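Each chain, letter by letter, is given below.
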Amino acid sequence: MHPVSIVWFRRDLRLDDHVALRRAADASAKLVCAFVLDPEQLRGPRVGAPIVQAFFTALAALRAELRELGSDLALLEGDAAAELAALAERTGARALYYNIDYEPAALARDAEVTKRLREAHVEVHDAVDHVYYGAGDVVQESGKPYAVYTPYRKRWTARLAHDERHPVASRAAAVTKFLGRDASLRSREVPQPEEYGHASSLLYPTVTSAEAHRLLDEFVACGLTAYADRRNVPALDATSRLSPHLRAGTIGIRTVVAAALERRRISRAQHAVAGIDAWLGELIWRDFYGQLLAHRPQVAQLPFIEAAETIPYRDDPDGYRAWCEGRTGYPIVDAAMRQLRETGWMHNRLRMIVASFLTKHLLIDYHEGERWFEQRLADADLAANNGGWQWAASTGTDAAPYFRVFNPTLQGKTYDPDGTFVRRWVPELQGVPAEVVHEPGLLRPPAYPPPIVEHAAARQRAIDVYGGVLRAKGDA
């Protein structure tokens, strides 16, 4: 039994269903909860205001919970290894517990923390928490990791039948063991995003455990069984909106899956089961991309398909700027990009549409779009964001064939047939009739720009360019 252990919070900002917290509570007399702010990362080019605000809001809520319990969060700032080593010395902690993060930079940081603390005779223990199954849990018979989603999903589902991961009773185990508010914690106040150069917004998602559980309960009760039928319609509030919470860890993935499985057990209608299974499939995608990053960290910088490194992307700063600002002349693309800019969130169907447009219509490197999403999404997650962009760009695992180029006009007509979503975000089109709202060139308002590229010509150009590389290399 450790006299004192540190629980290092990272992307798991909650007290419930927290694996590292439970393991620390089981092995320790007292617990110190800590989070380390990294100023370089917070001011760096790969994070933006929505996700910074999400994490700071979650940190404030976590601290408030701990203070209600008579404890506190040691909110530190600087080099993680140095700060945690100093905290261990001040508090007499003999062990550190944390949950694994598969991002390459996080793994390098964690290795340095482990080395530093073990040199100081502090034990270090990690745990799988952010994903349902760890990177080595769902593999092929040969032990090789999966590179294709469908067989991965089949094996994941087969494992679920005999290895269901139930929510962890971490709060109950830890509640009497939290160290009281103590000067040795030397904790700073939770900062505001502006301190690191980011602007706050009331339109960004509110990311707290209370809000996450509210969203989950509401979705399971009212939206889950109809998910398969309604999930692709951006004008409807038909998705769970849990992605920012799963990113910051204000709710545990086991809690989310357990809620879906419980609803599935009591559902009898075929359409209801189909809706639940479709949503579970999206959660499995999250695990799939996580294990892919863990096994192939090079995808964080390079295409999964090696031949795709030679795709001759275009240098088109004007086109890229028009895409970022929602001025492409394609209403569904522009509405989606404006929604992202204002709210820090974008509907999943729209993410596919705008990613296809950037990489295929404009022939701009998917890395540019990936970085823009990192800066603008409250749920920006390296594994899922990179996986989605490489899928759209036909460079990744389970990639769309290079000759699949989304027609943005047809996508708009199919998934926003009366233009409700488009009019919400593109006010220039308020007076355009529904039958032509996705083709405003037929009745174009003066304030709305013409298309920056013609679909048929852009499609053929993309097929020629991508095909010239991928088909020649046998990767088509």
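Refer to the preceding data block for the structure.
The rules we used
Residues numbered from 1 in each chain as written. Predicted model: local features only at pLDDT ≥ 70, side-chain atom pairs only at ≥ 80, totals over all residues. Heavy atoms only, no water. Helix = DSSP H or I, 4+ residues; strand = E, 2+ residues; numbered from the N terminus. Rg over C-alpha atoms; globule rule 2.2 N^0.38 Å. Buried < 20%, exposed > 50% of the residue type's maximum accessible area, 1.4 Å probe, protein only. Contact = heavy atoms within 4.5 Å. Areas by Shrake-Rupley, 256 points an atom, 1.4 Å probe, with all protein chains shown as cover. Lys, Arg positive; Asp, Glu negative; His and termini not counted. Charge placed at Lys NZ, Arg CZ, Asp CG, Glu CD. 1 Å grid on protein atoms, 1.4 Å probe; cavity = no way out; pocket = protein on both sides within 12 Å on 5 of 7 lines; lining within 4 Å. Points joined across faces, edges and corners; volume = space filled by probe spheres on them. Nonpolar A, V, L, I, M, F, W, Y, C, P; charged D, E, K, R; others polar. Phe/Tyr/Trp six-rings, centres within 6.5 Å; stacked < 30°, edge-to-face > 60°. Lys NZ or Arg CZ within 6 Å of the ring centre and 35° of its normal. Core = buried A, V, L, I, M, F, W, Y, C linked by side-chain atoms within 4.5 Å. Polar contact = N/O pair within 3.5 Å; in protein donor to acceptor, adjacent residues only side chain to side chain. Expected span 1.5 Å × (residues − 1). Pairing = 2+ DSSP bridges. Axes fitted to C-alpha atoms, helices over the stretch in contact; angles between N-to-C directions. Right-handed = clockwise from strand over helix to strand, strands pointing away. Salt bridge = Lys/Arg side-chain N within 4 Å of Asp/Glu carboxyl O.

Caption draft 1: View of the overall build of the protein. When you go through the protein residue by residue, the secondary structure sums to 20 helices and five strands. For the protein, whose C-alpha radius of gyration is 23 Å, the value lies close to the compact-globule estimate of 23 Å for 476 residues. For the protein, the spread of C-alpha atoms along the principal axes amounts to about 75 × 50 × 50 Å. Among the 476 residues that make up the protein, the fraction classed as buried is 56%. Sequence-distant contacts, at least 24 apart, represent 79% of the contacts inside the protein between residues at least 6 apart. Of the roughly 19700 Å² that the protein leaves accessible, carbon and sulfur atoms contribute 52%. For the protein, the separation between the mean place of its 58 positive charges and that of its 61 negative charges on side chains is 3 Å.

Caption draft 2: Summary view of empty space enclosed by the protein. A full pass over the atoms with the stated rule returns three cavities of 30 Å³ or more. Roughly 40 Å³ of internal volume is contained in the largest cavity. Around the largest cavity sit M352, S356, K360, W391, A392, A400, R404 and F406, which together line it. Contributing elements (two or more residues each) for the lining of the largest cavity: helix 15 (348-361) and helix 17 (382-392). Considering each element in turn, the lining of the largest cavity owes the most residues, three residues, to helix 15. Partitioning the lining of the largest cavity into residue classes produces five nonpolar, one polar and two charged.

Caption draft 3: Layout of the packing of aromatic side chains. Counted according to the given criterion, the structure contains 23 aromatic pairs. Judged by centre distance (5.7 Å) and plane angle (50°), the ring pair of F288 and Y289 falls under tilted. We classify F288 as buried; its relative accessible area is 0%. Since its relative accessible area comes to 9%, Y289 is described here as buried. With centroids separated by 5.1 Å and ring planes inclined at 75°, the aromatic side chains of F373 and W389 adopt a geometry described as edge-to-face. On the criterion of sequence distance, the pair formed by F373 in helix 16 (residues 366-376) and W389 in helix 17 is long-range, its members being 16 residues apart. Both residues of the pair, F373 and W389, count as buried. The ring centre of W345 lies 3.6 Å from the NZ or CZ of R241, which sits over that ring. For K360, the ring lying beneath its charged end belongs to Y466, and the centroid distance is 5.2 Å.

Caption draft 4: Quick peek at the nonpolar core. Core analysis: the biggest nonpolar cluster contains 126 residues, and F35, W279, W323, V333 and F373 have the highest contact counts within it. With 10 residues, the top contributor of residues to this core is helix 12 (residues 270-295). Core analysis: the second largest hydrophobic core is formed by 23 residues, I6, W8, A88 and V113 among them.

Caption draft 5: Main features of the layout of surface pockets. Of the voids in this model, the second largest pocket is the one considered here, and its volume is about 1100 Å³. If you trace the second largest pocket, you find 36 residues lining it, with Q41, V47, E103, R109 and R247 closest to the centre. Elements with a minimum of two residues in the lining of the second largest pocket: strand 2 (28-37), helix 2 (39-42), helix 3 (49-68), helix 5 (104-119) and helix 17. Considering only residue class, the lining of the second largest pocket consists of 19 nonpolar, five polar and 12 charged.

Caption draft 6: Molecular detail of the environment of K177. Take K177: it is sitting in the loop between helix 7 (170-174) and helix 8 (209-222). Once residues lying within four places of it in the same chain are set aside, the contact partners of K177 are A25, S28, A29, K30 and L31. One polar contact links the side chain of K177 to the main-chain carbonyl oxygen of A25, over a distance of 2.6 Å.

Caption draft 7: View of helix 15. Taking 1.5 Å as the rise per residue, helix 15 with 14 residues should run 20 Å; its terminal C-alpha atoms sit 19 Å apart, in good agreement. By the criterion of burial, helix 15 is predominantly enclosed, with 13 of the 14 residues buried. One or two steps after helix 15, the chain reaches L363, where phi turns positive at roughly 55°.

Caption draft 8: Geometry of the sheet that holds strand 4 (residues 95-99). One open sheet accounts for five strands, arranged 3-2-1-4-5; its pairing is parallel. The open sheet is flanked by strand 3 (73-77) and strand 5 (123-127), the only strands paired with a single partner. Averaged over all pairs of adjacent strands, the angle between strand axes in this sheet comes to 30°, irrespective of strand direction. As paired strands, strand 1 (residues 2-8) and strand 2 are joined by six bridges and run parallel to one another. Bridge pairing links W8 to A34 in strand 2. Together, strand 1, strand 4 and strand 5 form the strand contacts of helix 5, whose direction differs from that of strand 4 by roughly 170°.

Caption draft 9: Looking closely at the pairing of strand 5. Pairing geometry for strand 4 and strand 5, over five bridges, is parallel. In the strand pairing of strand 5, Y98 is matched with D126. Once the chain exits strand 4 it traverses helix 5 before rejoining the sheet at strand 5, and the crossover so formed is right-handed.

Caption draft 10: A look at unusual backbone geometry. Phi at H121 is positive, roughly 65°, even though this residue is not glycine. Under the relative-accessibility criterion, H121 is labelled exposed at 64%. Even without being glycine, R186 reaches a positive phi, approximately 50°. Mapping R186 onto the fold places it in the loop between helix 7 and helix 8. Residue R186 is classed as exposed on the basis of its relative accessible area of 60%.

Caption draft 11: Structural detail: the pattern of salt bridges. Applying the stated rule across the entire model yields 38 salt bridges. R155 is paired through a salt bridge with E141; the nearest N and O atoms lie 3.1 Å apart. One end of the pair, R155, is in helix 6 (residues 149-160); the other, E141, is in the loop between strand 5 and helix 6, and 14 residues separate them in sequence.

Bear in mind that shape data such as this cannot, by itself, settle questions of function.
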